[in-house]
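Observations on the model geometry
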Amino acid sequence: MKQTIAQRSRPRGVLRLLWCAPACISGWLLVISAAFAEPAGPPANGADVAPEVLAAQQQRIEVIARASQAAVAIFAGEAGGGSGVLISADGYALTNFHVVQPAGVAMQCGLADGRQYEAVLVGLDPTGDVALIKLLGRDDFPYAALADSDTVEVGDFCFAAGNPFLLATDFHPSISAGIVSGVHRYQFPAGTILEYADCLQVDAAINPGNSGGALFDAQGRIIGVNGRASFEKRGRVNVGVGYAISANQLRHFLGCLKGGRLVDHATLGATAATAEDGRVVVSDILDSSDAYRRGLRYDDEIVSIAGRTVRTVNALKNVLGTLPAGWRVPLVYRRQGRRYEILVRLAGVHSAAELASIVAGENSKQTRRPRPGPPAAPQPAEEKPEPPAHPAPNQLSAAVKEVYEARPGFTNYHFNTVELSRVARSVAAGHADPGRGTWVMAGHLGSGEPFRIELADSRATIDLPTGTTSVDASGDLDANPSPPGSGGMLAALIVWRRLVLEGPTALGRTSYWGTAPLDPAALISGAEPVLIDVLETAVAAVETRVSVTPSGAVAAIDLWTAPDADPCELTFAQALPISGIPAGWPARIEARHGDRLFGVFHIEAASVQAAAPQADSPADSAGEVPRPVEAPGET
Amino acid sequence: MQTGKRSGSVSGICCGLLLGWLVVGAAVSAAPPVSPEQTIAGSARCVVKLYGAGGVRGLEAYQTGILVSAAGHVVTVQSTVLDSDEIDCVLDDGRRYSATLLGCDPLRELAVLSIQGEDLPAFSWEQLPRVAPGTRVFALSNLFGVAVGDERVSVQHGVVSGVVPLDARRGAHEAPYRGDVYILDCTTNNPGSAGGAVVDWRGRLLGMLGKELRATTSGIWLNYALPVDEVEQGYRSVLAGQGTSPTPTAEAALDSVAMRFDPQLLGVVFVPDLLDRTPPFVESVRSGSAAAAAGLRTDDLVVAVNGRSVSSRTGVQHILAELATGDRVQFTVVREGSIVECGLGPRPALSRKP
C-alpha cells in the first residue's frame, strides 16, 4: 500500500503516538549498540579526523544550510499542511497537489528565516501530484536549482528538507539524509491521479508532512519532490522507502503550471502489455489517436519512446507519466522485423471536465486525518461534513486578490496573463517593426522551383509551381485548409503576421499554453528537451499553437482546421542577421501535413511593401487544386 | 574494525568507515577503491527478485534471493513464497528463470534454489570474520516488490548496530534459529526484503536479510540479517542433504518404498500430508511407544532426521524409508523455539500391511 503523505492535522496526541514507535526502536538499538560496541570508539576529538573528512562534513553542513533556506513549510489551516521548495527568486515554489488541495487558492508559508509569507496557488497537475504556488512579498527569495535527475545514480547521497509531522513551528525544516535506493520507479496512481512515474526511491526518512518538500543532491540541487512512501503494516511512519517526483518531470510541467493551468498528463491512446517472449506490444489502440494515424497498430512492438528504450510496460508508463498532454515525442516501433520511427502527439488522460471535478470534488477523500498506531492503511474517507475547501474570493487577502483570477480550465488565470504578456513582449522585441504593408517572401522550394508568398491585411496569397492560392485574411480564419494538401498553411501564416503585428491577444481567444520541446524529433537521442514557450489560440473553429523561442522568434505553428484531424505544421528556421531578411523572420519554412512533407520553402528575398492597397490580388484560384509540390521524405 | 592509533592510514580507514558516507567529493587517502554507486551496481547483479505463492492479505508473493554460485544456486529465506511449483527468479538484467527448490535448512529457515542459466554472476564465500557494530552496510532487496523486470532491487544504507542472538521468545513469530544475527539501524526488513543481501562498502556479502519479525510485547519490527558464515553453513548443509536425496527419476520408485513405511510404527502421528511441502509437525504421540519414551510431543516440528535436515512431511518419510531396519532414528525437533533432540531407537521393519 502506497500513500501520499501530507500531514493532515496536528493534534499533539497523535504526534506523540506516531513518534512512539521510532523512539522505541532507536532507543533499543542504542542500548544494543552500547552493549556490543567495541571499547575503543571513534576518535574523541576532531584532531584525529582526517582533514578531508572534516572539510567534507563542513561542506555538507553548508549545503544543507543553503538548501534549508529554500525549504517552505506550508500550512493549510485545519486541513493540515506539508512542505514545498522555492525554485525562483520571485517566489515560485513547488509542492504536491495533495498538500495544497485542501488549502484552496491561498495558504500560509513559513521559511527558515522564521518569517511567514502568504502564497497563492498558480498551477495544478493532479495526475502527477504537483502544484506550483507563488510566495508573495519579496523578489529576492532564496531558492534552489533543479538538477538533471536522469544523472542520479543508485547509492548517491541525498537529503530531504521538509516539515514532517508539521514540527517546523519555527519554520526551520527538518533534514533527513539517505541514499537513492532506486531510480526510474513506477508507482501506481490512485484511480487516475497521483501517479508517480519514473520517480526516485530513497531511504531518507520520508514521513507525513514531508510531502511537497524537496529531495536534494549532495550539491544542494533539487533532484525531486518527495510525495509518497510505502506504508503497510507499520503505520504511517517511515520504513525507509520514500518516493520523489523527479526533477526532470517537474521541469517538463513547469511551463504549463506557470501559466496558471490545470495541467493534464499524456497518454498514447494505446495500451501495452508484455508478450510471452518479453517484448512490449500494443494491446489496444484508439483509432482516434494520433499514434494510430501515424501508423501504430495492435501487436506492434514498442521499442522506444521519447528516446528511452522500452523493455517493460512499466518503462513505457514511466516515460508517459513524465510528459504533459499535448507534447509530441518520437516513438519507435517494430513490425515483422521492420523498424518504424514516428512522431506522436500525446493526448490527455482526462477531459477538462474530469480534471476540474477531480480538483473540486476529491476533498472528502483528501482530508483524512492521521490515526494513531497501525494499521493506518488503507484509510477510508471519514463521514464528516466537508470543510470549506476553497475560501470564497471575498475571504482572500488584498495581496492574494491582486494575483488571483478564477476562470474555467485554469487554476489561476492571472498567471496566464502574466506569461502571455511576457511572451508578447518577447515577440515584439524579437521582430523589427515591419509595418502593416504586404509581407512578401520569395525563394525556391526544395525541388528548386520558385515560390512567392504575399501576406496583407486583406488577403494571403501563395504562388506555387502548381498554381496560385489566395484566401481572405481580414476576418476569421478560413476553415478550408489552403493551399490544398498543406492542411492550412496560409491560415498559419496569417496567424504569424497577426501575432507579430498586433500581439497575441489580437489572434482571438489566446492563452499561454506552457512549454514544449523546440525540436520533438531530437528527443530520440534520449537527451532532455530544450523547452520553448507555446501560445494557444482559437479563431472560430480554427485552433493554433505557436511556439516562440526565447529570442521572440516564431519557431513553429501548428494549425488545426478541425479537431481530431492532422494539423498543418510549419517549422521556421531562423534567418541570420546578415541575410537581409527582417529580424525575427524565417530563412526557411518547412510545411508538413499528417505524414506528408508539403514543402520546404527556402526564402531568398523578404520585404514589406507599402501598405498601398493591392490593385488586384492574384486571381483567386481556390478552384484550382495544386498537387503537393514535393514528394514526401524530402527535407 | 580497527581502532584509530597514530598511523595515518589506519585512522584514515577508521574515519572512512565512520564518516565515509559523509564525504562529498573529497578524497580520503584510505577510501575504498570503488564508489558506493559502483559497489551497489556490482552487488545488485547478484541479487535476484523471486516470485512464487502468495498474494493474499498479509502474504506477499515475492521476496529476494542471493546468487552464491555461478552454477545458479540462489539462497533465500524459507517461506510460503516458495510453496509453489513455479518459482520465478528475475535477475538484475531482466533475465527470467524458473527456479527449482533444492532444499531447506529449517534451523536457519534458509532455502536453496537452483536456476539454469549462463554467465550467472554470484557472490563468493570469502570466509569473512563477523563484522563489528558500527560497520556501514548496504542492504539490497526486493522490498515491496517495487522493482520489476530489469529494474534494480532497492538499496538502503545503514550501520550494524549489534551482533546478538536472535531472541525469538519475545517474537510473535517463532524463529528456530538461536544464533547471532546482525541488528541493523535502518528499516531493512520490509515486505519482500527476506533473502536480501547485506554487503559492506566494498561489496562483500556480510549476511542475508531475515523474514519479518515483530515482537508481540513491544510491537517492534526487527531489522536483522543472518551472518554470512551461517548462510554458508545453511547452504552447505542443504547441498549435503541434496547429495544423498533422490534424483527425480529415482523419486517415484523411492516414493513407493517410502510410503510403505508407517511412522506410526515409531509411535508418531504427523499432521495430514495435504500440501507439497506440509511441514512435519507431530500431531500426536502414542503413549508407551518409542516416540513417547524419547520425549517427542504433540506440536513438535521435526527439522532433521539423523542429522539430515527436512522441511516436509514427505522428506521425513523418505529418510525413514532409506534407513535400514535396525538403524537408530534420531529426530531433531523445534519445540517452543528451542531445539530438542529425541532418540527414537532402532527403526522397525517396513510395514507389511497391504
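Model, not experiment: these values are computed from the prediction.

Now for the overall build of chain A. Helix and strand counts for chain A stand at eleven helices and 32 strands. Burial status across chain A gives 51% buried among its 635 residues. When contacts within chain A are restricted to residue pairs at least 6 apart in sequence, long-range pairs at least 24 apart make up 65% of them.

Scanning chain B for helices and strands turns up six helices and 20 strands. Counting every position in chain B, which comprises 354 residues, the buried fraction comes to 48%. Contacts spanning at least 24 positions in sequence make up 61% of the contacts within chain B whose residues lie at least 6 apart.

Bringing the sheet that holds strand S1 (residues 47–51) of chain B into the picture now. If you walk around this closed barrel you meet the six strands as S1-S2-S3-S6-S5-S4 (chain B), and the pairing is antiparallel. On average, each strand axis in the sheet is tilted by 40° relative to the strand beside it, whichever way the strands run.

Bringing the pairing of strand S30 (residues 568–574) of chain A into the picture now. Residue and element names in this part refer to chain A. Counting buried positions over the seven residues of S30 gives five, a clear majority of the element. Sheet analysis places strand S29 (residues 554–560) next to S30, joined by four bridges and oriented antiparallel. Paired with isoleucine 557 across the two strands is leucine 570, which belongs to S30.

This part covers the environment of A:Leu194. All names here are of chain A. Structurally, the position occupied by leucine 194 is in the loop between strand S9 (174–187) and strand S10 (196–202). When the 25 C-beta atoms within 10 Å are taken as the criterion, leucine 194 is described as buried. It is 42 Å that separates the C-alpha atoms of leucine 194 and arginine 497, two residues lying 303 residues apart in sequence.

To continue, consider the sheet that holds strand S18 (residues 308–309) of chain B. All names here are of chain B. Overall, antiparallel pairing links the four strands, which are arranged S18-S17-S19-S20 in an open sheet. Two strands lie at the open edges of the sheet, namely S18 and strand S20 (338–346), each paired on one side alone. With four bridges connecting them, strand S17 (residues 301–305) and strand S19 (residues 328–335) associate as antiparallel partners. Residue pairing across strands places valine 305 opposite phenylalanine 331, the latter belonging to S19.

The next subject is the domain arrangement of chain A. All names here are of chain A. Examined at the domain level, chain A breaks down into domain 1 (2–36 + 48–258), domain 2 (266–348) and domain 3 (426–609). Placing the centre of domain 2 and that of domain 3 at their C-alpha centroids yields a distance of 29 Å. On the domain 3 side, the residues contacting the 13 residues of domain 2 number 13 residues. Looking at the side of domain 2 that touches domain 3, the element that brings in the most residues is strand S19 (residues 328–335), giving three residues.

Moving on, we come to the environment of A:Arg308. Residue and element names in this part refer to chain A. Examined against the element boundaries, arginine 308 turns out to sit in strand S18 (residues 308–309). Considering only alpha carbons, one finds arginine 308 and glutamate 195, 113 residues apart in sequence, at a separation of 19 Å. Residues contacting arginine 308, with those up to four places away along its chain left out, are Ala315, Val319 and Gly526.

All names here are of chain B. Listed as buried for helix H2 (residues 36–44) are Pro36, Thr39, Ile40, Ser43 and Ala44. Mapping the buried residues of H2 onto a view down its axis gives an arc of 120°, with all of them on the same face. Summarising the contacts, the buried residues of H2 are in contact with S1, strand S7 (136–141), strand S8 (154–165) and strand S10 (197–200).

Before going further, it helps to spend a moment on the confidence of the model for chain A. Interpretation of this model should avoid reading the predicted coordinates in detail wherever pLDDT is low. Residue and element names in this part refer to chain A. Across chain A, the average pLDDT comes to 83, with 83% of residues at or above 70. Averaged over each element, pLDDT in chain A is lowest for helix H1 (residues 12–36) (32) and highest for strand S4 (residues 92–95) (98). Segment residues 614–635: pLDDT under 50, and 47 contacts once partners within four positions in sequence are set aside and those in other chains are kept.

Another point: the confidence of the model for chain B. Residue and element names in this part refer to chain B. When pLDDT is averaged across chain B, the result is 80; 80% of the residues are at 70 or more. When the criterion is pLDDT under 50, residues 1–32 qualifies, and its contacts beyond four places in sequence or with other chains add up to 66 contacts. Contacts for the low-pLDDT stretch residues 243–254, under 50 throughout, to residues beyond four places or in other chains number five contacts. Scoring of the predicted complex yields 0.78 for pTM and 0.77 for ipTM.

Scoring rules and cut-offs
- Residues numbered from 1 in each chain as written.
- Chains lettered and ligands numbered in written order.
- Predicted model: local features only at pLDDT ≥ 70, side-chain atom pairs only at ≥ 80, totals over all residues.
- Helix = DSSP H or I, 4+ residues; strand = E, 2+ residues; numbered from the N terminus.
- Buried ≥ 20, exposed ≤ 12 C-beta atoms within 10 Å, placed from the backbone.
- Contact = placed C-beta atoms within 7 Å.
- Pairing = 2+ DSSP bridges.
- Axes fitted to C-alpha atoms, helices over the stretch in contact; angles between N-to-C directions.
- Domains from an automatic or database assignment.
- Arc of directions from axis to C-beta.
- pLDDT = per-residue confidence, 0-100.

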